[in-house]
Amino acid sequence: MAVAAFRASAEEAAALARAGGGAEPDDPAWAKAVDLLALVELSKDAVRGAWTARGEELASDGSDGARLVLPYLPPEEYDLRVRFTRREGHGPVALVLPRAGRAFAWRMGAESNTVFGLDLGRPVAAGPGPPEARMAWCLENGRPYTALVQVRKDGVQATVNGKAFPRWTADIPGGGPGAAWALDREGVPGLASQESPTVFHRAQLRGVSGRGRLLRPPPAVAGDGTGLAGAYYVGRGMDVEPA
(Lines give C-alpha, C1' and ligand atoms only; values in the text may rest on other atoms or scores of the structure.)
Protein backbone atom coordinates (compact mmCIF):
# COMPACT_ATOMS: atom_id res chain seq x y z
CA MET A 1 0.00 0.00 0.00
CA ALA A 2 1.32 3.43 -0.91
CA VAL A 3 1.98 5.96 1.81
CA ALA A 4 1.23 9.67 1.43
CA ALA A 5 4.61 11.30 1.94
CA PHE A 6 3.19 14.80 2.17
CA ARG A 7 0.21 16.89 1.13
CA ALA A 8 0.50 20.14 -0.75
CA SER A 9 -1.90 23.05 -0.82
CA ALA A 10 -3.40 24.73 -3.87
CA GLU A 11 -0.84 27.52 -3.43
CA GLU A 12 2.02 25.02 -3.57
CA ALA A 13 0.49 23.34 -6.63
CA ALA A 14 0.25 26.71 -8.37
CA ALA A 15 3.88 27.46 -7.53
CA LEU A 16 4.91 24.11 -9.02
CA ALA A 17 3.00 24.92 -12.22
CA ARG A 18 4.60 28.35 -12.54
CA ALA A 19 8.06 26.84 -12.14
CA GLY A 20 7.71 25.11 -15.51
CA GLY A 21 7.29 28.28 -17.55
CA GLY A 22 9.94 29.57 -19.92
CA ALA A 23 12.54 27.74 -21.95
CA GLU A 24 14.73 25.07 -20.38
CA PRO A 25 18.23 26.38 -19.67
CA ASP A 26 21.11 24.77 -21.55
CA ASP A 27 22.81 22.16 -19.40
CA PRO A 28 26.20 20.78 -20.51
CA ALA A 29 25.43 17.52 -18.73
CA TRP A 30 22.74 16.85 -21.36
CA ALA A 31 24.85 17.75 -24.40
CA LYS A 32 25.15 14.08 -25.41
CA ALA A 33 21.62 13.06 -24.46
CA VAL A 34 19.66 10.88 -26.87
CA ASP A 35 16.71 12.64 -28.53
CA LEU A 36 14.11 9.92 -28.03
CA LEU A 37 11.25 11.57 -29.91
CA ALA A 38 13.39 11.64 -33.06
CA LEU A 39 13.60 7.83 -32.95
CA VAL A 40 9.86 7.23 -32.92
CA GLU A 41 7.94 5.86 -35.90
CA LEU A 42 4.29 6.17 -34.99
CA SER A 43 3.24 3.25 -37.21
CA LYS A 44 5.57 0.97 -35.20
CA ASP A 45 5.72 2.51 -31.75
CA ALA A 46 2.18 3.63 -30.88
CA VAL A 47 0.80 0.95 -28.55
CA ARG A 48 -2.61 2.47 -27.93
CA GLY A 49 -4.39 5.65 -28.97
CA ALA A 50 -4.11 8.00 -31.93
CA TRP A 51 -0.71 9.68 -31.68
CA THR A 52 0.24 12.52 -34.01
CA ALA A 53 3.45 14.32 -34.89
CA ARG A 54 3.52 18.11 -34.48
CA GLY A 55 6.86 19.08 -35.97
CA GLU A 56 9.43 17.68 -33.55
CA GLU A 57 6.77 17.06 -30.91
CA LEU A 58 4.39 14.14 -30.39
CA ALA A 59 0.83 14.36 -29.10
CA SER A 60 -1.49 11.78 -27.54
CA ASP A 61 -5.25 11.79 -27.85
CA GLY A 62 -7.88 11.29 -25.14
CA SER A 63 -7.75 7.48 -25.24
CA ASP A 64 -7.99 5.40 -22.10
CA GLY A 65 -4.33 4.50 -21.62
CA ALA A 66 -2.75 6.15 -24.68
CA ARG A 67 0.84 4.94 -24.75
CA LEU A 68 3.90 4.97 -26.95
CA VAL A 69 7.21 3.10 -27.00
CA LEU A 70 10.45 5.09 -27.13
CA PRO A 71 12.58 2.62 -29.14
CA TYR A 72 15.79 2.71 -27.16
CA LEU A 73 17.36 0.32 -24.64
CA PRO A 74 18.87 2.44 -21.87
CA PRO A 75 21.93 1.45 -19.87
CA GLU A 76 21.71 0.18 -16.31
CA GLU A 77 21.77 3.68 -14.85
CA TYR A 78 20.29 6.66 -16.67
CA ASP A 79 18.29 9.88 -16.49
CA LEU A 80 15.09 10.42 -18.48
CA ARG A 81 13.93 14.02 -18.92
CA VAL A 82 10.57 14.79 -20.54
CA ARG A 83 8.90 18.13 -21.14
CA PHE A 84 5.15 18.00 -21.74
CA THR A 85 1.90 19.96 -21.62
CA ARG A 86 -1.41 18.32 -20.76
CA ARG A 87 -3.93 20.11 -22.96
CA GLU A 88 -7.22 18.75 -21.63
CA GLY A 89 -8.66 16.40 -19.04
CA HIS A 90 -7.90 15.50 -15.45
CA GLY A 91 -6.08 12.20 -15.94
CA PRO A 92 -2.44 11.35 -15.30
CA VAL A 93 0.54 11.69 -17.61
CA ALA A 94 3.06 8.89 -17.10
CA LEU A 95 6.61 7.94 -17.96
CA VAL A 96 7.24 4.21 -18.25
CA LEU A 97 10.78 3.16 -17.39
CA PRO A 98 12.85 -0.02 -17.07
CA ARG A 99 15.06 -0.80 -14.09
CA ALA A 100 16.99 -4.05 -13.58
CA GLY A 101 14.87 -5.85 -16.16
CA ARG A 102 11.53 -4.74 -14.73
CA ALA A 103 9.21 -1.91 -15.67
CA PHE A 104 7.53 0.75 -13.56
CA ALA A 105 5.74 4.04 -14.22
CA TRP A 106 6.08 7.53 -12.78
CA ARG A 107 2.55 8.98 -12.67
CA MET A 108 1.78 12.69 -12.59
CA GLY A 109 -1.79 13.64 -11.81
CA ALA A 110 -3.17 10.22 -10.86
CA GLU A 111 -6.39 9.75 -8.89
CA SER A 112 -8.26 12.65 -10.48
CA ASN A 113 -5.20 14.87 -10.70
CA THR A 114 -4.24 14.68 -7.01
CA VAL A 115 -1.28 12.26 -6.83
CA PHE A 116 2.34 12.14 -7.94
CA GLY A 117 3.80 8.67 -7.43
CA LEU A 118 5.26 5.43 -8.74
CA ASP A 119 3.19 2.60 -10.18
CA LEU A 120 5.07 -0.63 -9.52
CA GLY A 121 2.32 -2.96 -10.68
CA ARG A 122 2.09 -5.67 -8.08
CA PRO A 123 2.13 -4.77 -4.37
CA VAL A 124 5.47 -4.78 -2.63
CA ALA A 125 5.97 -8.13 -0.87
CA ALA A 126 6.58 -6.68 2.57
CA GLY A 127 6.22 -3.26 4.11
CA PRO A 128 4.63 -0.13 2.66
CA GLY A 129 4.64 0.68 -1.02
CA PRO A 130 6.38 3.68 -2.55
CA PRO A 131 5.40 7.03 -1.05
CA GLU A 132 2.95 9.26 -2.87
CA ALA A 133 2.70 13.03 -2.88
CA ARG A 134 -0.90 14.19 -2.60
CA MET A 135 -1.71 17.70 -3.75
CA ALA A 136 -4.80 19.84 -4.07
CA TRP A 137 -4.16 19.40 -7.80
CA CYS A 138 -1.08 18.21 -9.68
CA LEU A 139 -1.10 19.38 -13.31
CA GLU A 140 -2.58 22.56 -14.71
CA ASN A 141 -3.80 22.17 -18.28
CA GLY A 142 -1.99 24.33 -20.80
CA ARG A 143 1.16 24.73 -18.72
CA PRO A 144 4.46 22.99 -19.58
CA TYR A 145 6.09 20.69 -17.04
CA THR A 146 9.53 19.09 -17.03
CA ALA A 147 9.80 15.67 -15.38
CA LEU A 148 13.14 14.08 -14.58
CA VAL A 149 13.46 10.47 -13.41
CA GLN A 150 16.89 9.26 -12.31
CA VAL A 151 17.23 5.47 -12.40
CA ARG A 152 20.09 4.02 -10.38
CA LYS A 153 21.11 0.60 -9.09
CA ASP A 154 20.17 1.68 -5.58
CA GLY A 155 16.97 3.58 -6.26
CA VAL A 156 14.73 5.86 -8.28
CA GLN A 157 14.40 9.63 -7.84
CA ALA A 158 11.78 11.75 -9.61
CA THR A 159 11.48 15.52 -9.86
CA VAL A 160 8.90 17.73 -11.56
CA ASN A 161 9.78 21.34 -12.39
CA GLY A 162 12.73 21.04 -10.05
CA LYS A 163 10.71 19.72 -7.10
CA ALA A 164 12.10 16.43 -5.79
CA PHE A 165 9.71 13.71 -4.66
CA PRO A 166 10.54 10.93 -2.17
CA ARG A 167 13.17 8.48 -3.38
CA TRP A 168 12.36 4.79 -3.76
CA THR A 169 15.22 2.46 -2.84
CA ALA A 170 13.59 -0.98 -2.80
CA ASP A 171 13.41 -3.41 -5.70
CA ILE A 172 10.82 -3.14 -8.46
CA PRO A 173 8.39 -6.11 -8.30
CA GLY A 174 7.92 -8.23 -11.41
CA GLY A 175 4.89 -7.98 -13.63
CA GLY A 176 5.23 -4.38 -14.74
CA PRO A 177 3.04 -1.37 -14.00
CA GLY A 178 -0.75 -1.23 -14.34
CA ALA A 179 -2.41 -2.18 -17.61
CA ALA A 180 -2.88 1.46 -18.56
CA TRP A 181 0.92 1.82 -18.85
CA ALA A 182 1.85 -1.59 -20.31
CA LEU A 183 4.12 -1.50 -23.36
CA ASP A 184 4.47 -4.16 -26.04
CA ARG A 185 8.25 -4.40 -25.72
CA GLU A 186 10.50 -5.04 -22.74
CA GLY A 187 13.43 -2.96 -21.54
CA VAL A 188 12.37 0.30 -23.21
CA PRO A 189 10.95 3.56 -21.87
CA GLY A 190 7.60 4.95 -22.96
CA LEU A 191 5.18 7.86 -22.74
CA ALA A 192 1.54 7.66 -21.72
CA SER A 193 -1.55 9.65 -20.81
CA GLN A 194 -4.95 8.68 -19.44
CA GLU A 195 -7.99 10.24 -21.13
CA SER A 196 -6.07 13.52 -21.32
CA PRO A 197 -4.62 14.75 -24.63
CA THR A 198 -0.99 15.71 -24.02
CA VAL A 199 1.79 17.23 -26.10
CA PHE A 200 5.29 15.85 -25.46
CA HIS A 201 7.73 18.57 -26.45
CA ARG A 202 10.94 16.75 -25.67
CA ALA A 203 12.16 13.40 -24.34
CA GLN A 204 15.86 12.97 -23.66
CA LEU A 205 17.81 10.12 -22.13
CA ARG A 206 21.27 10.50 -20.64
CA GLY A 207 23.35 7.45 -19.78
CA VAL A 208 25.08 7.49 -16.39
CA SER A 209 26.77 4.09 -16.38
CA GLY A 210 27.14 1.98 -19.48
CA ARG A 211 25.86 2.71 -22.97
CA GLY A 212 22.38 2.45 -24.38
CA ARG A 213 21.39 0.79 -27.64
CA LEU A 214 18.97 1.65 -30.43
CA LEU A 215 16.29 -0.91 -31.16
CA ARG A 216 16.62 -0.14 -34.87
CA PRO A 217 18.28 2.45 -37.10
CA PRO A 218 16.55 5.81 -36.77
CA PRO A 219 14.28 6.85 -39.65
CA ALA A 220 16.61 9.53 -41.01
CA VAL A 221 19.56 7.20 -41.53
CA ALA A 222 18.02 3.78 -42.08
CA GLY A 223 19.60 2.17 -45.11
CA ASP A 224 21.89 5.08 -45.97
CA GLY A 225 24.94 2.83 -46.00
CA THR A 226 26.96 4.90 -43.54
CA GLY A 227 26.88 2.46 -40.64
CA LEU A 228 26.41 5.44 -38.34
CA ALA A 229 22.88 4.71 -37.22
CA GLY A 230 22.24 6.99 -34.31
CA ALA A 231 25.63 8.67 -34.32
CA TYR A 232 24.56 11.83 -36.09
CA TYR A 233 20.78 11.63 -36.05
CA VAL A 234 20.50 10.97 -32.32
CA GLY A 235 23.58 13.06 -32.51
CA ARG A 236 23.77 15.74 -30.07
CA GLY A 237 26.48 13.19 -29.17
CA MET A 238 27.88 9.70 -29.65
CA ASP A 239 26.48 8.22 -26.45
CA VAL A 240 24.85 5.27 -28.20
CA GLU A 241 25.88 2.03 -29.81
CA PRO A 242 24.95 1.50 -33.47
CA ALA A 243 21.71 -0.35 -34.04
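Refer to the structure printed above.
A. Spotlight on the overall build of the protein. Tallying secondary structure elements over the protein gives three helices and 19 strands in all. Residues counted as buried form 51% of the 243 residues belonging to the protein. Of the contacts made within the protein by residues no fewer than 6 positions apart, 71% connect residues no fewer than 24 positions apart.

B. View of the pattern of salt bridges. Evaluated as defined, the whole model comprises 13 salt bridges. When the shortest N-O distance is used, the salt bridge between Arg 206 and Asp 79 registers 2.4 Å. Here Asp 79 lies in strand β8 (residues 77-86) and Arg 206 lies in strand β17 (residues 198-209), a separation of 127 residues in the sequence. Taken together, the shared-partner salt bridges connect Glu 41, Lys 44, Asp 45, Asp 184, Arg 185 and Arg 216 into one network.

C. Geometry of the environment of Val 34. As for its position among the elements, Val 34 is in strand β2 (residues 34-35). Take Val 34: its relative accessible area is 1%, and that puts it in the buried class. The spacing of Val 34 and Leu 214 is 180 residues in sequence and 9.9 Å in space, taken between C-alpha atoms.

D. Structural detail: the pairing of strand β16 (residues 190-193). Judged by which residues are buried, β16 turns out to be covered on both faces: Gly 190 and Ala 192 on one side and Leu 191 and Ser 193 on the other are all buried. As defined by bridge partners, strand β6 (residues 66-69) adjoins β16 across four bridges and the pair is classed as antiparallel. Residue pairing in the sheet places Leu 68 in a bridge with Leu 191 of β16. Inspection of the sheet shows strand β9 (residues 93-99) paired to β16 by four bridges, in the antiparallel sense. Counterpart to Val 96 in the pairing with β16 is Gly 190.

E. Molecular detail of the packing of aromatic side chains. All told, the structure shown has six aromatic pairs when counted by the stated rule. Measuring from centroid to centroid gives 5.9 Å for Phe 84 and Tyr 145, while their planes differ by 20 degrees, and the two rings are stacked. In this pair, Phe 84 is assigned in strand β8 and Tyr 145 in strand β13 (residues 144-152), connecting sequence segments 61 residues apart. In this structure an aromatic cluster arises from ring pairing among Trp 51, Phe 84, Tyr 145 and Phe 200. One Lys or Arg, Arg 81, reaches over the ring of Trp 30 and ends 4.3 Å from the middle of that ring. Residue placement shows Arg 206 over the ring face of Trp 30; its charged tip is 5.5 Å from the ring centre.

Procedures and definitions
- Residues numbered from 1 in each chain as written.
- Predicted model: local features only at pLDDT ≥ 70, side-chain atom pairs only at ≥ 80, totals over all residues.
- Heavy atoms only, no water.
- Helix = DSSP H or I, 4+ residues; strand = E, 2+ residues; numbered from the N terminus.
- Buried < 20%, exposed > 50% of the residue type's maximum accessible area, 1.4 Å probe, protein only.
- Contact = heavy atoms within 4.5 Å.
- Salt bridge = Lys/Arg side-chain N within 4 Å of Asp/Glu carboxyl O.
- Pairing = 2+ DSSP bridges.
- Phe/Tyr/Trp six-rings, centres within 6.5 Å; stacked < 30°, edge-to-face > 60°.
- Lys NZ or Arg CZ within 6 Å of the ring centre and 35° of its normal.

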